[in-house]
Amino acid sequence: MTISQGTPAPTAGTIPAFPTATILGYPRIGPRRELKRALESFWAGRTTAAELEAVAADLRATTRARLGALGLTGNSAVPAAFSFYDQVLDAAVTVGAVPERFAHLVASDGTLDLAGYSTVARGAGALAPLEMTKWFDTNYHYLVPEIGPATAFRLASDRLVAEVAESVASGVVPRPVVVGPVTFLALSKAADGAPDGYEPLDRLDDLLPVYVALLERLAAAGAQWVQLDEPALVTDTLRTAPDALAAAASRAYAVLTAAPVGAQRPAILLAAPYGELRESLPAVALSGVEAVALDLVEGSVPSGLTDEVRAGLAAKVLVGGVVDGHNVWRADLAAAVERLDALRALGAGVAASSSTSLFHVPHTLDDEGHLDAGLRSWLAFADEKVAEVAVLGRALVSGTDAVAAEVEAASAALAARAVAVGVRVDAVRERTAAVTDADRRRGDVAERREAQAERLRLPALPTTTIGSFPQTVEIRKARAAHAKGELATDAYEAAMRAEIERVVRLQEELGLDVLVHGEAERNDMVQYFAELLDGFAVTENGWVQSYGSRCTRPSLLWGDVSRPAPMTVGWASYAQSLSDKPVKGMLTGPVTIMAWSFVRDDVAKQEVADQLGLALRDEVADLEAAGIAVVQVDEPALRELLPLRREAHADYLAWSVGSFRLATAGAAPSTQVHTHLCYSEFGEVIGAIDALDADVTSIEAARSRMEVLGELEAAGFSRGVGPGVWDIHSPRVPSAEEISELLALALGSVDPSLLWVNPDCGLKTRGYAETEASLRNLVEATREARATLGAPVPA
Ligand SMILES: CN1c2c(nc(N)[nH]c2=O)NC[C@@H]1CNc1ccc(C(=O)N[C@@H](CCC(=O)N[C@@H](CCC(=O)N[C@@H](CCC(=O)O)C(=O)O)C(=O)O)C(=O)O)cc1
Ligand SMILES: N[C@@H](CCS)C(=O)O
Ligand SMILES: [Zn+2]
């Protein structure tokens, strides 16, 4: 195979040139969250599908122009990777894998309009949406396709083909991006009713013809290269073993490359982001794909290769993911050039790229004028990363000397960062170095239980919520006005206190037992703390898509972390002053603060986690001193940071659990420590959850109908536990009967003296109407359950 050096339209069998610089994907939400606003207007019925399409087309056009201006100029350098909601959902819709319950939304030609697509993503009434889960080890969530033995695959959407045609018409030959067939099936779940032992990957041979047909359509629309994302090939933690995934990749890519490049298909770039290709490397190297994108931030340049694998790679373009697509630190261009050189020795051609799609980072630093100039100079958001790959592409073509100034500037920024004030704070390092095992140990569990029962005097099956109450438009408006200086701090704080009072009164009226203050004052459960801790900076506009239209602004954790002053005590004490019932102090745990921030890459994660642990430990002490008897430390991201390789799990769990314990182990025996976990399946980390040594753990469970309880029981978990009885991800109000059923299930595996009753997660995304109705049913169902236990029922 020869890779042509020019960029003529391909003729059968000749491989079009691959650009020397590219990225694997770009943020879709828009620099001003234009897509979020357009989607939410459409969902609210304020705009039409045509208006939503127009906003999307504008965004795509702006992105193409921006990427070209930043230096992605070669044919196929610009990825066509737009999505209205999620790329995995798009793949499902493209191959016609829409679950049966949505069949009435599908047109006779198999297509789904934007309203139908939105319903599959978000549900409607009794129609449950596709399940949402974490995308690899990131804070992005994808929708899980449901594939059964009878799912009828067909090419059912021409959206991607139209996107290619739109781009070609605008003068840019793009590289369309699709989730690859192996990853698509490996991330799918078996549709309800599938027989035991069935796996969606069993359907690979039925799915491949649809990919073949799609490739042909993309070629006809003008695509010369297509990118098939296969991150499933870099991990050994999926349901399917890595050897089976490698075998599936061999089969799949034999079929997809059976036709020569040209009219029947574009050349194929198989992208393997988020980790290192290990078990699958031979399969990929020996496959017929024309290019492979390797993540050289998480992995390294392949070495120790057999002759056969070496020969396979030597026939391909190797795309070196040397610019971190997943974090925001400016690249070390000198080191990147070296890695690309090493790759050049292996492949038929080499290109510079981001390690992953850039949709994990914000659009641009241009919008962050407020950031300290030093910190800014250490950062690269999406646009700045595109400029970095463009520089590296020039180095590949013209030699390093041609980009000497850029390489030097990057090295100088790195050197300045290493010695900048606040990056290393001796007092913080001395404190973490002095931590002993005893600092991570609380007293005996039984003694704690007795002291807490005596202090709290709670009824059987205590009811509580997870922390946040609805973040109303008024709360957000007040915060936005305060940030702009249009609302004075006193007035803002008074508005938040009024909100806290309303939430406390509501909980008392509903009859909940352990109250929360509602978190009205928090813009986000991580950013709130980042704004108050030293070592962090926050962005004004650094939005990153978390799922669908929902975004977060991950904070920048750049230096040693310490707590200049109490962060939550004023709000918690105010809430406690309003009620005789215990009000929980509410903190976000060290692991979650790390997982949902952009974390410095110059220090071991364990050190960062312990710094956070110590800051939170001081906060717990201050909450206790203010009379708070229950403190909840949320760790919804404990599972999320679990490495994609099993060999790294024990080390990760040791430091992550250690940092949580450091945060909480200073609490007195009579202080009840809660933790809360959600957004993941926790089966794999049950041992670690137990090791957190919290007195009470609330955990997402409603959607899986309490599945996690069996896992906890099997692991001998014998602490207080609140399996969620209300799936808060949809506006549906669960009836008291439904909640009673879930409670009965829970009582089948949890000792009644240990069972708590609570929703799955916080209520910040819900409205008040459904919140009040659901909590009323929750309290009612609890009263009934108490009666069946013969426990005294509080008035
Ligand atoms: C629990 N989750 C979280 C994750 N990561 C976090 N960092 N935080 C999380 O809570 N990861 C896992 C999950 C992901 N789930 C979600 C769920 C919900 C959202 C969400 O609702 N995001 C909001 C933005 C939240 C926020 O930052 N609010 C700010 C700013 C609000 C805002 O947009 N203001 C307007 C002006 C006000 C107005 O007029 O309405 C503006 O700035 O333009 C705040 O409250 O102050 C979202 O809208 O997407 C995210 C992840
Ligand atoms: N305390 C937080 C946890 C979310 S995971 C909340 O209630 O929103
Ligand atoms: Zn939660």
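Described in the following lines is the structure provided in the data block. Just so it is clear, the model here is predicted, and its values are computed rather than measured. (Residues numbered from 1 in each chain as written. Chains lettered and ligands numbered in written order. Predicted model: local features only at pLDDT ≥ 70, side-chain atom pairs only at ≥ 80, totals over all residues. Heavy atoms only, no water.)

If you check the shell around ligand 2, you find 13 residues, and the closest are Ile-466, Ser-468, Glu-519, Asp-634 and Gly-762. Between ligand 2 and Ser-468 there is a distance of 2.7 Å, counted from an oxygen atom to a side-chain nitrogen or oxygen. Considered on its own, ligand 2 offers 270 Å² of accessible surface; in the complex 99% of this is hidden by protein. (Near = heavy atom within 4 Å. Polar contact = N/O pair within 3.5 Å; in protein donor to acceptor, adjacent residues only side chain to side chain. Areas by Shrake-Rupley, 256 points an atom, 1.4 Å probe, with all protein chains shown as cover.)

Now for the environment of Pro-273. By the secondary structure assignment, Pro-273 is in the loop between strand 8 (267-272) and helix 9 (281-286). Note on Pro-273: relative accessible area 5%, which makes it buried. Each C-alpha atom of the pair Pro-273 and Trp-655 lies 25 Å from the other, and the pair is 382 residues apart in sequence. Other than its neighbours up to four places away in sequence, Pro-273 contacts Leu-24, Pro-231, Val-234, Asp-295, Ser-355 and Thr-356. (Helix = DSSP H or I, 4+ residues; strand = E, 2+ residues; numbered from the N terminus. Buried < 20%, exposed > 50% of the residue type's maximum accessible area, 1.4 Å probe, protein only. Contact = heavy atoms within 4.5 Å.)

With that settled, the discussion passes to the coordination of the zinc ion (ligand 3). Distances from the zinc ion (ligand 3) to its protein donors, namely His-676 (NE2), Cys-678 (SG) and Cys-761 (SG), fall within the range 2.1 to 2.2 Å. Here the zinc ion (ligand 3) is ringed by four donor atoms whose angles at the metal span 100 to 122°, and the overall shape comes out tetrahedral. (Donors = N, O, S within 2.8 Å, 3.2 Å for Na, K, Ca; no water. Tetrahedral: all angles 85-135°; square planar, octahedral: opposite > 155°, others 65-115°.)

Taking 1.5 Å of rise per residue, 15 residues should cover 21 Å, and helix 8 (residues 242-256) covers 20 Å from first to last C-alpha, within 8% of that figure. Every buried residue belonging to helix 8 is among Pro-242, Leu-245, Ala-246, Ala-248, Ala-249, Ala-252, Tyr-253 and Leu-256, and all of these are buried. Taken down its axis, helix 8 places every buried residue within 160° of arc, on the same side. Residues of helix 8 that are buried sit in contact with helix 6 (181-187), helix 7 (204-220), strand 7 (225-229), strand 8 and helix 9. (Expected span 1.5 Å × (residues − 1). Arc of directions from axis to C-beta.)

Within the structure shown, the criterion is met by 49 salt bridges. With its nearest N and O atoms 2.5 Å apart, the salt bridge here joins Glu-53 to Arg-159. Of this pair, Glu-53 sits in helix 2 (residues 49-69) while Arg-159 sits in helix 5 (residues 159-169); the two residues are 106 residues apart in sequence, bridging distant segments of the chain. Its salt-bridge partner being Arg-786, residue Asp-513 comes within 2.8 Å of it at the nearest N-O pair. Taken together, the residues span a long stretch of sequence, with Asp-513 in the loop between helix 18 (489-510) and helix 19 (527-530) and Arg-786 in helix 27 (residues 768-789) at a distance of 273 residues. (Salt bridge = Lys/Arg side-chain N within 4 Å of Asp/Glu carboxyl O.)

A word on the side chain of Gln-576. Structurally, Gln-576 is set in helix 20 (residues 569-577). Of the residues examined, Gln-576 reaches a relative accessible area of 17% and is grouped as buried. In this structure Gln-576 touches Lys-581, Pro-582, Val-583 and Ile-628, once residues within four positions along its chain are discounted.

For the pair helix 26 (residues 736-747) and helix 27, interaxial distance at closest approach is 8 Å and the crossing angle is 45°. As summarised for this structure, helix 26 and helix 27 are arranged oblique, according to the angle between their axes. In this structure, the crossing between helix 26 and helix 27 has a hand that is right-handed. In contact with Ala-736, Ile-739, Ser-740, Leu-743 and Leu-747 of helix 26, helix 27 contributes Ser-774, Asn-777, Leu-778, Glu-780, Ala-781, Thr-782, Glu-784, Ala-785 and Leu-789. For the contact of helix 26 with helix 27, the residue count by class is eight nonpolar, four polar and two charged. (Axes fitted to C-alpha atoms, helices over the stretch in contact; angles between N-to-C directions. Parallel < 35°, antiparallel > 145°, perpendicular 65-115°, else oblique. Left-handed = near helix turned anticlockwise from the far one by under 90°. Nonpolar A, V, L, I, M, F, W, Y, C, P; charged D, E, K, R; others polar.)

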